[in-house]
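# A structural walkthrough
Listed below, chain by chain, are the residues.
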Amino acid sequence: MVKENLREVERRIGEACARGGRSRDEVCLIAVSKTKPVEMLKEAYEAGAHVFGENKVQELCEKYDQLPADIDWHLIGHLQRNKVKYIVGKAALIHSVDSLRLAQEISREAEKKGVEVNILIEVNVAEEESKFGVSVAETEELVREAAALPHIHVQGLMTIAPQVEKSEENRPVFHALKKLAVDIKMKNIDNVSMDVLSMGMTGDYETAIEEGATMVRVGTGIFGARNYAV
Ligand SMILES: *Cc1c(COP(=O)(O)O)cnc(C)c1O
């Protein structure tokens, strides 16, 4: 099942890249494995998925210990400052930095552990009340502040687009995030690359790729629906 799903997602990514005039290797597929058992992750790993996304620190750490060491683990969910110490050194990329205090905590912990941490700034492009992330207007300031901290590298931006009926409805959101990244990149801020754009999930990743996503976070499309009741 997982293997077939992955193949289908791969096919669609390839087509979206072609439509958007992108090369396939510009887009990284993150297999979002939250709530799914380790057996399913192993299946995905055997089928070629080597980048996994989790939204909870504890779950990421548990799976980290049980799966091969050449996996890149991405933290895609909201991060509380008191959990930072558990994740630094394990996450290859933290997608969800949305405050200076959080960035400072990551920097402090990275210093303690003697590591460097790659982060994205989470932007609430659609300004949904229920979502984390800074506004478009606040993004550059947080990028500058975070970039000035030691042991942190700001690699780009992430957004969680609204739940919509048709992925087309999110095109303006993806377009806006891409534009914001380009605008910030042009300012040539020290220690900021802005080369990573994490946007697009199962319902809309093809549209996100057409609009410039370099990372898509696909859960349901690979592992099937999640059952939070279990
Ligand atoms: C769960 C989750 C996803 C994956 O969602 P699907 O719709 O299952 O693909 C992507 N990004 C974040 C931040 C998530 O929490």
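Before any of the text, the structure's been laid out above.
Residues numbered from 1 in each chain as written. Predicted model: local features only at pLDDT ≥ 70, side-chain atom pairs only at ≥ 80, totals over all residues. Heavy atoms only, no water.

### A short note on the overall build of the protein
Here is the rule: Secondary structure follows DSSP: runs of H or I at least 4 residues long count as helices, runs of E at least 2 residues long count as strands, and numbering of each begins at the N terminus. The contact rule is simple, with two residues in contact once any of their heavy atoms fall within 4.5 Å. All accessibility values rest on the Shrake-Rupley procedure with a 1.4 Å probe; residue burial counts only the protein chains present in the view. Positive charges come from Lys and Arg alone, negative charges from Asp and Glu alone, with His and the N- and C-terminal ends not counted. The location of each charge is read from NZ of Lys, CZ of Arg, CG of Asp or CD of Glu.
Scanning the protein from terminus to terminus reveals 9 helices and 8 strands. Within the protein, contacts between residues separated by at least 24 positions form 58% of all contacts whose residues are at least 6 apart in sequence. Looking at the protein as shown, the accessible area adds up to about 11200 Å², and 49% of this sits on carbon and sulfur atoms. Across the protein, the mean location of the 30 positive side-chain charges is 2 Å away from that of the 38 negative side-chain charges.

### Overview of the site of the ligand
Rule in force here: Throughout this document, a residue counts as near a molecule or strand when at least one of its heavy atoms sits within 4 Å of that molecule or strand. The term polar contact refers here to a pair of N or O atoms within 3.5 Å; inside protein, the definition further demands a hydrogen-donor-capable atom paired with an acceptor-capable atom, and it admits residues adjacent in sequence only when both atoms are side-chain atoms.
The immediate surroundings of the ligand are formed by Val32, Lys34, Ile76, Ile160, Met201, Thr202, Arg217, Val218, Gly219, Thr220 and Arg226. At 2.4 Å from an oxygen atom of the ligand is found a side-chain nitrogen or oxygen belonging to Thr202. The contact in question runs from an oxygen atom of the ligand to an N or O atom on the backbone of Gly219, over 2.8 Å. Considered on its own, the ligand offers 390 Å² of accessible surface; in the complex 90% of this is hidden by protein.

### Side note on the pattern of salt bridges
The following threshold applies: A pair is scored as a salt bridge if a Lys or Arg side-chain nitrogen falls within 4 Å of a carboxyl oxygen belonging to Asp or Glu. Burial classification: accessible surface area is computed with a 1.4 Å probe over protein chains only, and a residue below 20% of its type maximum counts as buried, one above 50% as exposed, and the rest as partly exposed.
If you walk through the whole model with that rule in mind, you get 20 salt bridges. Ionic pairing is found between Arg171 and Glu211, a salt bridge with its closest N-O pair at 2.8 Å. Placement of the pair is Arg171 in helix α7 (residues 171-185) and Glu211 in the loop between α8 (205-210) and β8 (215-218), with a sequence separation of 40 residues. Looking at Arg171, the relative accessible area reads 21%, which means it is partly exposed. By relative accessible area, Glu211 is classed as buried at 15%.

### Overview of the pairing of strand β4 (residues 91-97)
Quick reminder of the rule: When DSSP finds at least two bridges between two strands, those strands are taken to pair.
Within β4, 6 of the 7 residues are buried, which leaves the element mostly enclosed by the surrounding structure. Pairing geometry for strand β3 (residues 72-75) and β4, over 3 bridges, is parallel. Bridge pairing in β4 links Trp73 to Ala91. One ladder, built from 2 bridges, connects β4 with strand β5 (residues 117-122); its direction is parallel. Its bridge partner lying in β5, Val97 is registered against Ile121.

### Here we look at unusual backbone geometry
If you check the backbone angles, Asn188 has positive phi at about 50 degrees while not being a glycine. The topology assignment puts Asn188 in the loop between α7 and β7 (192-198). For Asn188, a relative accessible area of 67% gives the class exposed. For Asn191, which is not glycine, the phi dihedral falls at a positive 70 degrees.

### Remarks on the nonpolar core
Filter applied, for reference: Definition of nonpolar core: a set of buried residues of the types Ala, Val, Leu, Ile, Met, Phe, Trp, Tyr and Cys, connected through side-chain atoms within 4.5 Å.
If you look at the biggest cluster of nonpolar residues, it comprises 67 residues, and the most contacted ones within it are Phe52, Ile94, Ile106, Ile119, Ile121, Val154 and Leu157. Apart from the residues lying within four places of it in its own chain, the contact partners of Ile119 are Leu93, Ile94, Val97, Ile106, Ala146, Ile152, His153, Val154, Gln155 and Gly156. Core analysis: the next-biggest nonpolar cluster, separate from the first, contains 9 residues, Ile30, Val51, Met158 and Val196 among them.

### Looking at the side chain of Ser107
The topology assignment puts Ser107 in helix α5 (residues 100-113). A polar contact is formed between the side chain of Ser107 and the backbone oxygen of Pro150, at a distance of 2.5 Å. Sequence-distant contacts of Ser107, defined by excluding residues within four places in its chain, comprise Leu149, Pro150, His151 and Ile152.

Keep in mind that these numbers describe shape and distance, not what the molecule does.
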